[in-house]
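Commentary on secondary and tertiary structure
Below, each chain spelled out in residue letters.
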Amino acid sequence: MSQRQGKQQGKQREQSGTGAPRGGVVWALVITSVAGFMAALDNLVVTTALPSIRKDLGGGLGDLEWTVSAYTLTFAVLLMFGAALGDRFGRRRLFLAGLAVFTGASAAAAMAPGIDSLIAARAVQGVGAAIMMPLTLTLLTAAVPAARRGMAFGIWGAVNGLAVASGPLIGGSLTEHISWHWIFWLNVPLGLALLPLARLRLAESYGTGAPLDFVGTVLASGGLFGIVYGLVRGPADGWTSSYVLTGLVAGGALLVAFVVHGTRAKNPMLPMRLFRSRAFAGINAASLLMFLGMFGSIFLLSQYMQGVLGYSPTEAGLRMLPWTGMPMLVAPMAGILSDRIGGRPVVATGLFLQAAGLGYMALVVTADASYAVQLPGLITSGIGMALFFAPAANLVMSSVRPSEQGIASGANNALREVGGALGIAVMGSIFAAQGGYETGQTFVDGLRPALVVGSVVVALAGVAALLIPAARRPAPVTEPAEPTPVLETAAR
């Protein structure tokens, strides 16, 4: 069979929902969920290990910030390009490449002899994750029949939620009881196990076959890097610093150019016409705002529990579980519920619950607050986050045509990661302006207004979710036939 014929058949299998081999639905769910877990875990797993990393490798506060940000930035700015590579050259093929890069970079991070080499390895980890992560949803979508995708996305969302839940706990436990190196070694056996399974059990599929958009990639990557760099360095270097101002101004200009490019280019990486859809625009706005409020809050609350309340890294991670661990229990049910009543009401309800939980936490945090006082806010936020993940994934993938699902997945994941990076930067800046690390009370003085902002931002995400059109029933709409079939030679 020729490569051209194979790609045509791959497109037909994808559109019919029968692209995976026999038993492929279960295998696709396992492989994509574990891969997503690995990528999501590395967003927060480092935070509780930073003091030990600094003790072993040296470096100042700025170096420690980049140990986190190097991964987040490369992950965020290359997600859409990774999705486009998969569309063009094969989703399974690029998934394998991204997984291999991520696994190798994890080993390099574990063996890093100094802080600079650790930051470099973290950046390469982000590159691998950016290629691998958006393809998990498109590969899963191609393998699962439309009628069962809500439940599949629910399980996928629960596993990704578990990564968010266990990031601080796993990082703290491994650092406290073994060594910080093991937060990176953990990825290696998982990656080595997934590589042959993915090669044998996932079906290949392709996207639109459009040429790669290198101009759009440079504009988006440079713009996002400049904005996040300016926000991360602003509190330390000063907002009037030439480097900070250059990053913010140049980054903003590049993002404007990216939007213009997306409206005029023949084959843009992210066609701006997609945002004419209220469903696509609404769920992406909600995702960005939700991650902004969530990641910034987790970043500060984890430090509050350790630095102010005196818990060990492991104890702090355990006490965060009612919030971060709730997706393990609720997300699968949220996926099923979204299949029955539609994703919009489930997502909006979840976001408003999370906003309420953060608002409650802002009211009760003190320098000596008991855990019992905090628990209602943690549980409420946890239920809200759990209601968001699975229905949001379904809304993203159903808001575009099947041939554009790779673009949609890459865009949504990129905006989530950008939201997370912005959340840490923005809420960290608010914390630094209003408080500090000098005493428990000064920490609380900075934490409280940051949580208020986080609550407001997540509430705005709920408003954005309400703008999504109500689901039309019955039955999913298939992509209309094109007058002239186009062979999909570009693939995810």
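Residues numbered from 1 in each chain as written. Predicted model: local features only at pLDDT ≥ 70, side-chain atom pairs only at ≥ 80, totals over all residues. Heavy atoms only, no water.

With respect to the overall build of the protein chain
Basically, it comes down to this: The helix and strand labels rest on DSSP assignments: H or I over at least four residues marks a helix, E over at least two residues marks a strand, and numbering proceeds from the N terminus. Only protein chains enter the accessibility calculation, which uses a 1.4 Å probe; a residue whose area is less than 20% of its type maximum is buried, one above 50% is exposed, and one in between is partly exposed. Any two residues whose heavy atoms approach within 4.5 Å at even a single point are treated as in contact. Here, Shrake-Rupley sampling with a 1.4 Å probe gives the accessible areas, and only protein chains in the shown set may cover a residue.
Looking only at helices and strands, the protein chain features 18 helices and 0 strands. Counting across all 492 residues of the protein chain, residues that qualify as buried make up 58%. Looking at the protein chain alone, contacts between residues at least 24 apart form 85% of all its contacts between residues at least 6 apart. Summed over all atoms, the accessible surface of the protein chain reaches about 18,800 Å², with 67% contributed by carbon and sulfur.

Details of the nonpolar core
Basically, it comes down to this: To define a nonpolar core, start from buried Ala, Val, Leu, Ile, Met, Phe, Trp, Tyr and Cys residues and group those joined through side-chain atoms within 4.5 Å.
The biggest cluster of nonpolar side chains holds 98 residues, and the ones touching the most others in it are Phe95, Leu270, Tyr304, Trp323 and Leu351. When residues of this core are assigned to their parent elements, the largest contribution, 15 residues, is made by helix H12 (residues 278-308). With residues near it in sequence (within four places) discarded, Trp323 still touches Met294, Ser297, Ile298, Leu301, Gln354, Leu358, Leu378, Ser381, Gly382 and Met385. The next biggest cluster of nonpolar side chains, apart from the first, holds 37 residues, and it includes Ala110, Leu174, Trp180 and Ile183.

Description of the environment of Thr136
Assignment of secondary structure puts Thr136 in helix H6 (residues 115-143). Along the primary structure Thr136 and Trp156 are separated by 20 residues, whereas in three dimensions their C-alpha atoms are 9.3 Å apart.

Some points on the confidence of the model for the protein chain
Just so we agree on the cut-off: Here pLDDT means the predictor's own confidence in every residue, given as a number from 0 to 100.
Averaged over the protein chain, the pLDDT score is 76; the fraction of residues at 70 or greater is 79%. Note on residues 1-23: pLDDT under 50 across the span, and 35 contacts to partners over four residues away in sequence or across chains. The low-confidence segment residues 473-492 (pLDDT under 50) makes 63 contacts with residues lying over four places distant or belonging to another chain.

Some details on the packing of aromatic side chains
Formally: Pairing of aromatic side chains requires ring centres within 6.5 Å, counting the rings of Phe and Tyr and the six-membered ring of Trp. Pairs whose planes differ by under 30 degrees are stacked, by over 60 edge-to-face, and all others tilted. In this analysis the charged atom, NZ for Lys or CZ for Arg, is taken to sit over a ring once it is within 6 Å of the ring centre and within 35 degrees of the ring normal.
Applying the stated criterion across every chain, the model contains 5 aromatic pairs. Note on Phe275 and Phe280: the rings are 5.0 Å apart at their centroids and 70 degrees apart in plane angle, and the pair reads as edge-to-face. Ring-pair connections join several aromatic residues into one group, and the members of that group are Tyr304, Phe431 and Phe443. Directly above the aromatic system of Tyr311 lies the positively charged group of Arg319, at a separation of 4.1 Å from the ring centroid. Above the ring of Tyr371, the side-chain terminus of Arg319 is found at 5.7 Å from the ring centroid.

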